[in-house]
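# Reading the structure
Next come the chains, spelled out residue by residue.
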Amino acid sequence: MAANRILIVEDDFSISDTIALNLKYVGYEYMVFDDGRKAAEYLLKDHSFDLALLDIMLPGMDGFALFSYMEKYNIPVIYMTAKTDSESEVRGLRDGAEDYIVKPFEMVTLLVRIEKVLARTGRINQIYRFQDMILDAENRTLTKAGEEIKLPPLEFDVLSVLMRNKNRTVSRERILNEIWGEDYFGDIRTVDVRVANVRKKLNLTDEIRTISKTGYRLEEHRK
Amino acid sequence: MKLWKKISLICGSVLIVIVTICSAILLGQTQRKILSLTYEQAAEKQKTLAFSFTETANHFYEEDDSEAVAYALLHYCFSRIADSSAVLRVGEETVYSQIGIRPEEYLLPEEFQGQQQYSGKIDGRHILIVGSTENLLGSPDKPCEIYIVEDITPVYENLTKVLWQFILIGAACIMVGLLFIIILVRRSLRPLAMLQASASHIAAGNYHERTKVCSGDEVGMLASDFNRMTEAVEKHINELTDKNKRQELFIGGVTHEFKTPLTALLLNIDTLQNTYMEEEERSLFLEHMERQCKWLERLVQKLLKLITLGQKLDLKRTAVSELLEKVQESVAENLRAREVILEVHCKTEMLTLDADLMQSVLVNLVDNAIKASAKGQTVVLAAYDNVLEVRDQGIGIEQEELAHITEPFYMVDKSRSKKQGGVGLGLALVKEIVKAHGALLEMESSPGIGTTVRIHFTGQ
C-alpha cells in the first residue's frame with residue numbers, strides 16, 4: 001500500500017503551504033488547490049485521494065458545493081474554516097463530512113483528526129517506511145534492509161508510533177496513550193526504557209532524538 | 001377608573017344636581033301657586049258670604065225686635081246663604097256652625113281688622129280658616145264674626161301626588177340622560193381606545209403599525225402626531241438596526257481577516273517547534289511568518305485609519321495641480337512596472353480638502369485602475385468643476401459587484417487580491433475619507449469597457 005494521498009483545497013497560501021509541508025514530513029502525499037472549481041475539474045481526471053481537507057469560503061466553488069464531488073468519488077472530507085457559526089457546522093456534518101475543524105487550529109489536532117478519519121474509513125496506510133526499514137502495523141512485521149527483525153510487542157508499538165509521526169515530535173503522553181490506552185496511568189519513564197531499547201537494537205541513536213521536556217522525534221536526515 | 005367611567009360619572013352627577021334643582025324650584029312654585037289660589041278662593045268666598053249676609057241682615061232688621069227674634073233672624077238669614085263650611089258668631093256666641101271646629105280659637109276676633117286667615121293642621125287635617133268681623137245695624141256693640149272653615153287636605157294630597165310624579169319623571173330623565181351620556185362618551189372616546197391599541201402594538205415592536213383614527217378633534221390631532229412619532233421611531237430604529245448590522249458584518253469581517261493569518265502563524269510556529277526540517281526549509285517557514293506578520297500589521301494600520309478617520313481631518317485650500325502631481329509621483333513606479341500610461345488633466349485651481357488623505361484616496365484609485373488595466377492602456381486622472389475623476393479602460397466590474405466593492409473586506413477576486421497584498425480595506429477607506437469631506441463618491445463601470453470613479457465636492 002502506498003502513502004495516503006490527501007487533497008487540500010484552501011485559498012490562503014500561507015495556510016495550505018504549511019499544512020502541505022507538515023503532511024509531507026509526516027509521510028503523506030498531497031495536492032493543493034486554491035480554487036474550488038479548479039479542484040473539481042482536476043477530480044474528473046484523478047480522484048484517487050484518501051481524504052480531502054476543504055475550506056468553506058473558496059473562490060470558484062465553495063466547500064459545500066465541492067462536497068458533492070467528494071461524495072461521488074467516495075472521498076472522506078474534513079472541513080477547515082473560520083466560520084464558527086453553528087449553522088455551517090450543522091450543514092457540514094449533516095451533509096456527511098467526516099469532521100470539522102475551526103481556524104485557528106493546531107497542526108497536531110489536524111494530524112490526529114486526519115489519522116482518525118483515515119482509520120475510521122479503513123483507508124489508513126499501515127505500512128511505514130524509514131530509511132531502509134519497512135514497518136507493517138497491520139501484520140506486525142518489521143524488516144530492515146530486507147531482513148525481518150523481531151521486536152518485543154511494546155517496543156514494536158513505540159517504533160510504530162514514531163514512524164507514523166515521522167519528523168514530528170511525539171510527546172511521551174501521546175505514546176503512552178496510543179499504546180496502553182487513555183485510561184492507563186503508568187510511569188511515564190516506561191516509554192523512555194522502550195525508546196532506549198529500540199534505539200540500541202536498530203542503531204537509531206541519532207535518528208530518534210530526545211526533545212527535552214516533551215518527547216521523542218524520529219528524524220529523517222535528507223543530506 | 002377608566003376615562004369613560006369618570007366622564008360619565010361627572011356628567012351624571014351634574015345632570016342629577018340640575019334635574020333636582022329644577023324640579024325643586026318648579027315644585028315649590030307650583031305648590032305656592034296652588035295654595036295661594038286656594039286661599040284666594042276661600043277669601044273671595046268669605047267676602048261674598050260676609051257681604052250678602054250683611055246686606056240681608058240689614059234688610060230684615062227692625063229696631064224693636066227682641067234679642068231672641070234678632071238672633072233667630074240672623075240664624076235664618078245666614079243659613080239661607082251659607083254652606084256647611086260657614087260659621088257665624090255674634091257677640092261671643094256661635095249662632096251657626098255645622099262643624100266641630102271652633103274657628104275663634106285660631107283667629108282672635110278682638111284683633112280683627114278686616115279679613116284674616118289661618119291655615120294649619122287640626123286633628124290631622126289641613127284646615128284653612130278665613131274670617132272677618134262685620135258690624136250689623138242695631139248691634140254695634142255685638143260685632144258678628146263670619147268664618148269660612150275649609151278642609152284643604154285634598155289640595156295637599158294632590159301636591160304630594162305631584163311631588164311623586166316629579167320624582168318619577170326626574171328619575172326617568174336622569175336614567176335616560178345617563179344612558180345617553182355613557183353612549184356618547186364611549187363613542188367619542190373610541191378613537192382613544194384605537195390609539196391605545198395601536199400604541200400597545202407598537203410597544204410590542206411592530207414599528208410599522210399606524211393608527212387609523214382620522215377624526216377632526218383633539219384625538220384626531222393626537223393620532224396624527226402619534227403616527228408621525230411612530231414614523232420617526234421606525235426610521236430611527238431602522239437606521240440603528242442597519243448600523244448595527246453593518247457593524248456586525250464589519251466585525252465579522254475583521255475577525256475572519258485576523259483568523260486566517262493567525263491560523264497560518266500558529267501552524268507555522270507549531271511546525272517549527274515540532275518538526276524536523278533542514279535549514280533552508282526552516283528559513284522558508286520564517287519568511288512565510290514574516291510575510292504574515294507584515295500583512296497583519298498592514299491590516300491593523302488600515303483598520304486604525306478607518307476607525308480614527310474623521311477625528312483629525314485637516315481641511316485646507318489646496319492647489320489641485322500640486323495634489324495631482326504628488327499622486328503622479330506616488331504611482332510612477334507602479335505605472336512603469338505594469339506598462340500603463342497615466343494622463344493628467346487639471347482644470348480646477350483650488351479645492352478645500354485634507355491633502356494627505358485625498359492623496360491617499362487618489363493613489364488608491366489610480367492603483368486600482370492600473371491593476372485593472374492591460375499593458376499599454378491609459379488611465380486618466382482629471383480635475384474639473386469641483387470633481388476629481390479617475391478613469392480607466394480596464395476589465396471593469398460587474399454591476400452587482402459594484403454595489404459591494406466599498407464594503408470592508410470585499411474583494412472581487414479574493415485570491416488574486418491577496419497575492420497582491422491587498423487587505424480588502426482600500427475602497428472602504430476611500431469611501432470613508434470622501435464621506436468625511438462631505439463629498440460624494442460616484443462609480444460607473446461596465447465589464448470590458450472600464451471604470452470611472454468621480455469624487456464630487458459639494459458646497460465649495
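See the structure printed just above.
We now turn to the structure provided with this report.

Conventions adopted
- Residues numbered from 1 in each chain as written.
- Chains lettered and ligands numbered in written order.
- Predicted model: local features only at pLDDT ≥ 70, side-chain atom pairs only at ≥ 80, totals over all residues.
- Heavy atoms only, no water.
- Helix = DSSP H or I, 4+ residues; strand = E, 2+ residues; numbered from the N terminus.
- Buried < 20%, exposed > 50% of the residue type's maximum accessible area, 1.4 Å probe, protein only.
- Pairing = 2+ DSSP bridges.
- Axes fitted to C-alpha atoms, helices over the stretch in contact; angles between N-to-C directions.
- Core = buried A, V, L, I, M, F, W, Y, C linked by side-chain atoms within 4.5 Å.

## A short note on unusual backbone geometry
With a phi close to 70°, Asn167 of chain A is a non-glycine residue in the positive phi region. Position of Asn167 of chain A among the secondary structure elements: in the loop between helix H6 (153-164) and strand S10 (170-171). You can call Asn167 of chain A buried: its relative accessible area is 1%. Its identity as a non-glycine residue notwithstanding, Glu339 of chain B has a phi of 55°, on the positive side.

## Quick look at the pairing of strand S10 (residues 387-392) of chain B
All names here are of chain B. Most of S10 is tucked away: five of the six residues are buried. As paired strands, strand S9 (residues 378-384) and S10 are joined by six bridges and run antiparallel to one another. Following the sheet pairing, Ala382 is matched in S10 by Glu389. Turn length for the S9-S10 hairpin, with the two strands adjacent in sequence and antiparallel, is two residues, and the turn residue Asp385 shows positive phi of about 40°. Pairing of S10 with strand S12 (residues 450-456), which is carried by five bridges, proceeds in the antiparallel orientation. The residue bridging Glu389 from the neighbouring strand is Arg454, located in S12.

## What about the sheet that holds strand S1 (residues 86-90) of chain B?
Residue and element names in this part refer to chain B. Pairing in this open sheet of five strands is antiparallel, and the strands run S2-S1-S5-S4-S3 from one edge to the other. The two strands at the open ends of the sheet, each matched to only one other strand, are strand S2 (93-97) and strand S3 (116-122). Adjacent strand axes in the sheet meet at a mean angle of 25°, parallel and antiparallel pairs treated alike. Pairing geometry for strand S4 (residues 125-134) and strand S5 (residues 144-151), over eight bridges, is antiparallel.

## Quick word on the nonpolar core
If you look at the biggest cluster of nonpolar residues, it comprises 37 residues, and the most contacted ones within it are Leu362, Leu388 and Ile455 of chain B. Listed by contribution, the elements that provide at least two residues to this core are helix H6 (320-338), strand S8 (350-353), helix H7 (355-372), S9, S10, helix H10 (426-436) and S12 of chain B. For this core, the leading source of residues is H7 of chain B, giving nine residues. Formed by 25 residues, the second largest nonpolar core is a distinct cluster that contains Tyr128, Leu142, Leu162 and Met163 of chain A.

## Here we look at the sheet that holds strand S9 (residues 147-148) of chain A
Residues and elements named next belong to chain A. Read from one edge of the open sheet, four strands run S6-S7-S8-S9, paired in antiparallel fashion. Bordering the open sheet on either side are strand S6 (127-130) and S9, each of which pairs with just one other strand. In terms of strand pairing, strand S8 (residues 141-144) meets S9 through two bridges, oriented antiparallel. Among the inter-strand pairings, Lys144 is bridged to a residue of S9, identified as Glu147.

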